[in-house]
Amino acid sequence: MNTTIQYIKQKCPDNIKIGIVLGSGLNAFCNSLESKISISYNDIPGFRQASVKGHKGEFVSGSLHNHNIICANGRFHYYEGYKYNDVAVIIDVFKALGCDLVIMTNASGCVIKEWKVGDLMLINGHLDYSFTKSKNKPTIISDGWYDNSLLSKVIEIAREKNVTLREGIYTWTTGPSYETISEIEEIKQLGGHAVGMSGLPEIERIYNLNMKMIGLCCLTNHASGISGKELTHSEVVEKAQNSHTDFIKLLNAIIEQIEIN
Ligand code: HPA
């Protein structure tokens, strides 16, 4: 890890306090950065390559509203065969660079029929529906994980910028296949609002490393059985790209208004 961090550090600006994990199709946010530099995962000693379509596999660093920030454009998934602890290596990099806040984003399926495809959702709790740690039915985890004042601030920013921002429970499934109709029915009963194949290993690492977190889901489709339409990964990437105007607007405003210690 030391050579990995040294290599990344020497390419990035100093004093980076915000790390952003960009999900499938959400990489256009990087265009907002000034004095941008890119570091391909392939060029980093001891680091891995991202292999999922729509994920580029690079860190992009630069400045925005007087903050130096780093984005991970492409992440690692449990379904690619990584161990649970290795999936969150991007968060370890953010921590080693000195980040205090991580904005975790992903493309997710929407479990609520009345919400629209393209809406964004702020995560205020989660369900681990992966069954990787326990075979029992999961319960909602939220207490102590999601900072209420940070959540309120993001909601206020979204309101001010006229961006529809739902709030809800994110559900992690391992993938790589989309869920069955009965799995989605169960997730709904358990209290889930959004479902995705990434994020929870990262959320857990952020929590364990005592960093602040904002989790944003881009609802790219209605989950299986909710709208009756079949899902494809290319549709998910396309929808994520279509809703990036609001996503970029919100992310920009968060960076502009958030207070970092
Ligand atoms: N399920 C799981 N992961 C996803 C979905 C979904 O419906 N959409 C985007 N990522």
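What counts, and at which threshold
- Residues numbered from 1 in each chain as written.
- Predicted model: local features only at pLDDT ≥ 70, side-chain atom pairs only at ≥ 80, totals over all residues.
- Heavy atoms only, no water.
- Helix = DSSP H or I, 4+ residues; strand = E, 2+ residues; numbered from the N terminus.
- Buried < 20%, exposed > 50% of the residue type's maximum accessible area, 1.4 Å probe, protein only.
- Contact = heavy atoms within 4.5 Å.
- Near = heavy atom within 4 Å.
- Polar contact = N/O pair within 3.5 Å; in protein donor to acceptor, adjacent residues only side chain to side chain.
- Areas by Shrake-Rupley, 256 points an atom, 1.4 Å probe, with all protein chains shown as cover.
- Nonpolar A, V, L, I, M, F, W, Y, C, P; charged D, E, K, R; others polar.
- Phe/Tyr/Trp six-rings, centres within 6.5 Å; stacked < 30°, edge-to-face > 60°.
- Salt bridge = Lys/Arg side-chain N within 4 Å of Asp/Glu carboxyl O.
- Expected span 1.5 Å × (residues − 1).
- Arc of directions from axis to C-beta.
- Axes fitted to C-alpha atoms, helices over the stretch in contact; angles between N-to-C directions.
- Parallel < 35°, antiparallel > 145°, perpendicular 65-115°, else oblique.
- Left-handed = near helix turned anticlockwise from the far one by under 90°.

Participant: What's the story with the overall build of the protein in this structure? I'm lost.
Facilitator: Regarding its fold elements, the protein presents 8 helices and 9 strands. When its C-alpha atoms are laid out on the principal axes, the protein stretches across 50 × 40 × 35 Å. Evaluated residue by residue, the protein yields a buried proportion of 54% over its 261 residues. Considering only contacts in the protein between residues 6 or more positions apart, those separated by 24 or more positions represent 80%.

Participant: It is not clear to me how the environment of M121 should be interpreted in this structure. Could you clarify?
Facilitator: With respect to the helices, strands and loops of the structure, M121 is situated in strand β6 (residues 120-128). The class for M121 is buried, based on a relative accessible area of 0%. Note: C-alpha distance between M121 and I184 (63 residues apart in sequence) is 17 Å.

Participant: I'm lost on the site of the ligand in this one. Help?
Facilitator: Neighbouring residues of the ligand: 12 residues in total, closest A107, G109, E179, G196 and N221. A107 has a polar backbone atom sitting 3.2 Å from a nitrogen atom of the ligand. N221 has a polar side-chain atom sitting 2.7 Å from a nitrogen atom of the ligand. With the chains in place, 96% of the 260 Å² that the ligand exposes on its own is no longer accessible. For the shell around the ligand, the secondary-structure elements that each account for two or more residues are β5 (101-110), β8 (194-196) and β9 (212-222). Of the residues forming the shell around the ligand, the biggest block, 3 residues, is contributed by β5. Its residues assigned to classes, the shell around the ligand shows 6 nonpolar, 5 polar and 1 charged.

Participant: What exactly am I supposed to notice about the packing of aromatic side chains here?
Facilitator: Both the distance between ring centres and the angle between the ring planes are used here to describe each pair of aromatic rings. The full count for this structure, using the stated rule, is 11 aromatic pairs. Ring centres 5.7 Å apart and planes at 70° place the aromatic pair F47 and F76 in the edge-to-face group. Of this pair, F47 sits in the loop between β2 (34-40) and β3 (58-64) while F76 sits in the loop between β4 (67-73) and α2 (84-87), and the two are 29 residues apart along the sequence. For the pair formed by F47 and F76, the shared burial category is buried. Ring plane angle 70° and centroid distance 5.8 Å describe the contact between Y84 and W172, whose orientation is recorded as edge-to-face. On the criterion of sequence distance, the pair formed by Y84 in helix α2 and W172 in strand β7 (residues 165-172) is long-range, its members being 88 residues apart. In this structure, Y84 and W172 share a single accessibility class: buried.

Participant: Would you mind going over the pattern of salt bridges with me for this structure?
Facilitator: When their charged atoms lie close together, side chains carrying opposite charge are able to pair. Considering all chains together, one arrives at 6 salt bridges under this definition. Ionic pairing is found between E156 and K153, a salt bridge with its closest N-O pair at 3.7 Å. Taken together, the positions of E156 and K153, both in helix α4 (residues 148-160) and 3 residues apart, correspond to about one turn of that helix. With relative accessibility at 42%, the residue E156 sits in the partly exposed group. Assessed through its relative accessible area of 25%, K153 is described here as partly exposed.

Participant: Can you help me understand α4 in this one?
Facilitator: Since one α-helical turn is 3.6 residues long, residues separated by three or four positions face the same way. For α4, with 13 residues, the first-to-last C-alpha span of 18 Å sits near the 18 Å given by 1.5 Å per residue. Considered for burial, the residues of α4 that qualify are L150, L151, V154, I155, I157 and A158. Here the buried residues of α4 occupy an arc of 160° about the axis, which is enough to place them on one side. Of the exposed residues in α4, those oriented more than 90 degrees away from the buried face are N148, S149, R159 and E160. Those residues of α4 that are buried lie in contact with β5, β6, β7, β9 and α8 (244-257). Where α4 terminates, the next one or two residues include N162, which has phi positive at roughly 60°.

Participant: In this structure, what is going on with the packing of α4 against α8? I would like to understand it.
Facilitator: Think of two packed helices as two axes; the pair is described by the angle between the axes and how far apart they sit. Two elements in contact, α4 and α8, have axes separated by 10 Å at closest approach and are oriented at 125°. Judged by the inter-axis angle, α4 sits oblique to α8. Crossing hand, α4 versus α8: right-handed. Between α4 and α8, the contacting residues are K153, V154, I157, A158 and E160 on the first element and L250, A253, I254 and Q257 on the second. Considering only residue class, the contact of α4 with α8 consists of 6 nonpolar, 1 polar and 2 charged.

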